[in-house]
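So the chains spell out like this:
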Amino acid sequence: PVEAAAVVRYRRAHAFLRVVIYLVTVYGTGMVVAGRTFAVTLFDVLNFGPNAKSIADDGVTYSIFCFGVLGAVIVGWMQLLLCVLDMAKRSSSCRVEARRAMMSSAVVWFALDTGFSLVTEEIEHAIFNLPFFGLLIGPLYVMSVNDVRI
């Protein structure tokens, strides 16, 4: 009975993490295919960086390029996390290592991205990172404390 409940919690956390990965993949893809929308609309609304209307056209074009590159990196990272997550589901012998790899990549991203945001006084972006970090780490924690042989 206790073990059955742990299995259910583990599977729910696993499924939730898949959804988070898919949503972040959509976000990253949006940065690639709709860079102008991100540069001019979404990031202005979120107050990330300078207002796009105050940047010269060349700067906006370069910002769109940067968003595209960043979006591609985000999509690649999410696909790697998805592969590692699926590998751990198929092989219980590598679950601990898989979670460690996913957790360490999220911690490194969070520390560097949030630290850089704070150093450059982009407080809104640092705050924006908090829920993303929680959505990545939370399910991994639930999976680690409920890991039983499935």
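### Quick word on empty space enclosed by the protein
Turning to step 1, where the next piece is worked out: By the definition in use, this model includes one cavity of 30 Å³ or more.
Turning to step 2, where the next piece is worked out: Considering only enclosed or pocket space, the largest cavity measures out at about 30 Å³ in volume.
Turning to step 3, where the next piece is worked out: Looking at the largest cavity, the residues that line it are Leu17, Leu81, Met102, Ala106, Leu136 and Leu140.
Turning to step 4, where the next piece is worked out: Secondary-structure elements contributing two or more residues to the lining of the largest cavity are α4 (95-119) and α5 (123-145).
Turning to step 5, where the next piece is worked out: Split into classes, the residues belonging to the lining of the largest cavity amount to six nonpolar, no polar and no charged.

### Quick look at the packing of helix α1 (residues 2-33) against α5
In a packed pair of helices, the relevant descriptors are the angle between the two axes and the axis-to-axis distance.
Turning to step 1, where the next piece is worked out: In the contact formed by α1 and α5, the axes pass within 8 Å of each other and the chain directions differ by 150°. Comparing the axis directions of α1 and α5 gives the class roughly antiparallel. With respect to the hand of their crossing, α1 and α5 are arranged in left-handed fashion. For the pair α1 and α5, the contacting residues are Arg9, Tyr10, Ala13, His14, Phe16, Leu17, Val20, Val24 and Tyr27 in the first and Phe128, Phe132, Leu135, Leu136, Pro139, Leu140, Val142 and Met143 in the second.

### Focus: the environment of Arg100
Turning to step 1, where the next piece is worked out: As for its position among the elements, Arg100 is in helix α4.
Turning to step 2, where the next piece is worked out: Distance in space between the C-alpha atoms of Arg100 and Val7 is 19 Å, their sequence separation being 93 residues.

### Quick notes on the confidence of the model for the protein
Turning to step 1, where the next piece is worked out: Taken as a whole, the protein shows an average pLDDT of 87; of its residues, 90% reach a score of 70 or greater.
Turning to step 2, where the next piece is worked out: Looking over the protein, one finds the lowest element-wise mean pLDDT in helix α2 (residues 35-45), namely 72, and the highest in α4, namely 95.

### Some points on the pattern of salt bridges
Turning to step 1, where the next piece is worked out: This structure, assessed with the given rule, holds three salt bridges.
Turning to step 2, where the next piece is worked out: As a salt-bridge pair, Asp147 and Arg95 come within 3.1 Å of each other at their nearest N and O atoms. Of the two residues, Asp147 sits in the segment after α5 while Arg95 sits in helix α4, which places them 52 residues apart along the sequence.
Turning to step 3, where the next piece is worked out: Residue classification places Asp147 among the partly exposed positions, given a relative accessible area of 26%.
Turning to step 4, where the next piece is worked out: Asp147 is the partner of Arg99 in a salt bridge, and the nearest nitrogen-oxygen pair spans 3.2 Å. Taken together, the residues Arg99 in helix α4 and Asp147 in the segment after α5 connect sequence positions 48 residues apart.
Turning to step 5, where the next piece is worked out: Within the structure, one salt-bridge network assembled from shared partners comprises Arg95, Arg99 and Asp147.

Calculation criteria
Residues numbered from 1 in each chain as written. Predicted model: local features only at pLDDT ≥ 70, side-chain atom pairs only at ≥ 80, totals over all residues. Heavy atoms only, no water. 1 Å grid on protein atoms, 1.4 Å probe; cavity = no way out; pocket = protein on both sides within 12 Å on 5 of 7 lines; lining within 4 Å. Points joined across faces, edges and corners; volume = space filled by probe spheres on them. Helix = DSSP H or I, 4+ residues; strand = E, 2+ residues; numbered from the N terminus. Nonpolar A, V, L, I, M, F, W, Y, C, P; charged D, E, K, R; others polar. Axes fitted to C-alpha atoms, helices over the stretch in contact; angles between N-to-C directions. Parallel < 35°, antiparallel > 145°, perpendicular 65-115°, else oblique. Left-handed = near helix turned anticlockwise from the far one by under 90°. Contact = heavy atoms within 4.5 Å. pLDDT = per-residue confidence, 0-100. Salt bridge = Lys/Arg side-chain N within 4 Å of Asp/Glu carboxyl O. Buried < 20%, exposed > 50% of the residue type's maximum accessible area, 1.4 Å probe, protein only.

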